[in-house]
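One letter stands for each residue in the lines below.
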Amino acid sequence: MQNETFKEWHSNSTFGICRLSLLSVYTKPVSDAGLSTQILFGELYEVVQVGEDGQWLKIEGLESIGSGWILTSQHHPLTKEAFEFFAKSPRQIVSEGIGEIKLKDNTMFLLPGSQLHAGQNEIFEWEDSIKFKGKSRPYERKANRMEVKRIALGFLHVPYLSGGRSFFGLNAPSWLNLLFKIGGIVFPNELNAQDNVEKKERISEIDIGDVIIFGTQRGIPFQAGLYIGEGALLWVKEKVRFGTFDPKKWNTINNRPKDSIQLLTVKKLVD
């Protein structure tokens with residue numbers, strides 16, 4: 001087992017961008033640790049710590065995509081100026097299916113949620129100096145309710161994977177984080193943080209694209225799903241699947257056990 005003592009990386013604070021189709025981020029700086037999250041091509045992060053032997057870096061993903069440890073060998077560094085440029089530059093988000101890009105004579109396959117920054121030769125001048133095959137949408141154009149539903153349905157039957165954030169596996173918070181990111185909306189990749197988002201909706205006014213947070217009667221978030229209309233929702237239970245949304249089932253039964261599930265809040269992220 002690798003030594004788990006760390007040192008703060010203050011003087012050499014640096015930034016990075018994912019240059020892999022999928023970058024695994026682990027809960028601990030050891031090879032057999034579980035996944036904390038995953039980062040997709042083009043997503044940005046900041047390095048906040050370095051492992052004692054220098055083989056691991058602790059990173060914090062931009063726009064609430066999560067944090068954890070990556071292998072130093074998979075780190076693609078950016079200057080602070082380049083990081084800030086990419087963070088503010090227009091981008092295209094791979095919206096569905098598998099995209100294909102030629103970058104420096106190498107072909108890469110991009111998963112939904114991957115992002116392509118415009119206006120910088122280090123990556124490409126959008127639709128000018130790049131060959132991209134696939135479906136994408138501008139991040140700056142916020143999705144409407146029906147678009148959010150369509151994006152969500154694109155993940156139907158994707159299996160559950162703790163810490164996963166891709167077609168190959170995901171959990172409820174990461175799925176919601178990813179589908180809203182494709183729709184141009186920042187939503188945290190962590191259930192407690194999602195529950196704390198101050199965009200509440202009355203249950204009686206729930207609409208397509210609203211997020212439903214479930215929890216115990218003690219108020220502890222337990223599960224999350226997406227309302228898709230006509231009393232139906234999508235959520236992750238072994239895989240992304242359909243469910244029935246019936247508020248009475250969770251909210252009106254008296255004398256329920258303290259650990260039983262109930263509806264906590266409805267979040268309105270789309271106008």
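A brief look at the structure comes next. (Residues numbered from 1 in each chain as written. Predicted model: local features only at pLDDT ≥ 70, side-chain atom pairs only at ≥ 80, totals over all residues. Heavy atoms only, no water.)

### A closer look at helix α3 (residues 172-182)
The element α3 is largely enclosed, with a buried count of 11 among its 11 residues. Residues of α3 that are buried: A172, P173, S174, W175, L176, N177, L178, L179, F180, K181 and I182. Once α3 ends, the next one or two residues include G184, with phi positive near 80°. (Buried < 20%, exposed > 50% of the residue type's maximum accessible area, 1.4 Å probe, protein only. Helix = DSSP H or I, 4+ residues; strand = E, 2+ residues; numbered from the N terminus.)

### As for the packing of helix α2 (residues 145-153) against α3
It is the contact of α2 with α3, at a shortest axis distance of 9 Å, that shows an interaxial angle of 130°. In this view, α2 runs oblique relative to α3, as classed from their interaxial angle. Of the two elements, α2 crosses α3, and the hand of that crossing is right-handed. Across from V148, I151 and A152 in α2, the residues of α3 making contact are W175, L179, F180 and I182. (Axes fitted to C-alpha atoms, helices over the stretch in contact; angles between N-to-C directions. Parallel < 35°, antiparallel > 145°, perpendicular 65-115°, else oblique. Left-handed = near helix turned anticlockwise from the far one by under 90°. Contact = heavy atoms within 4.5 Å.)

### Observations concerning the pattern of salt bridges
One pass over the structure, following the stated rule, counts 10 salt bridges. In this structure, D210 engages R145 in a salt bridge whose closest nitrogen and oxygen atoms are separated by 3.0 Å. Separated by 65 residues along the polypeptide, D210 in the loop between α4 (191-195) and β15 (211-216) and R145 in helix α2 bring together distant segments of the chain. For D210, a relative accessible area of 0% translates into the label buried. Taking the relative accessible area as the measure of exposure, R145 reaches 11% and is therefore buried. Of the charged contacts, one joins E238 and R241 as a salt bridge, the two residues approaching to 3.4 Å between their closest N and O atoms. For R241, a relative accessible area of 30% puts it in the partly exposed group. (Salt bridge = Lys/Arg side-chain N within 4 Å of Asp/Glu carboxyl O.)

### Notes on the nonpolar core
Ranked by internal contacts, the top residues of the largest apolar core, which has 33 residues, are F155, W175, L176, L179, F180 and L226. When contributions to this core are tallied by element, the ones reaching two or more residues are α2, α3, β15, β16 (221-229) and β17 (232-236). A per-element tally of this core places α3 first, with 7 residues. With sequence-adjacent residues up to four places away left out, F155 is seen in contact with P112, F167, L170, W175, L178, L179, I182 and V240. Listed in part, the 11 residues of the second largest apolar core include C18, V25, I39 and Y45. (Core = buried A, V, L, I, M, F, W, Y, C linked by side-chain atoms within 4.5 Å.)

### A short note on the packing of aromatic side chains
Tallied over the full model, the rule gives 7 aromatic pairs. Aromatic pair F85 and F86: ring centres 5.8 Å apart, planes at 70°, arrangement edge-to-face. Here F85 falls in the partly exposed class, since its relative accessible area comes to 34%. Owing to a relative accessible area of 1%, F86 belongs among the buried residues under this scheme. (Phe/Tyr/Trp six-rings, centres within 6.5 Å; stacked < 30°, edge-to-face > 60°.)

### Some thoughts on empty space enclosed by the protein
Enumeration over the complete set of coordinates arrives at 1 cavity of 30 Å³ or more. Approximately 100 Å³ is the volume found for the largest cavity. Residue lining of the largest cavity: 13 residues in total, with E43, L62, E63, I65 and K181 positioned closest to the centre. Of the residues contributing to the lining of the largest cavity, the split by class is 7 nonpolar, 2 polar and 4 charged. (1 Å grid on protein atoms, 1.4 Å probe; cavity = no way out; pocket = protein on both sides within 12 Å on 5 of 7 lines; lining within 4 Å. Points joined across faces, edges and corners; volume = space filled by probe spheres on them. Nonpolar A, V, L, I, M, F, W, Y, C, P; charged D, E, K, R; others polar.)

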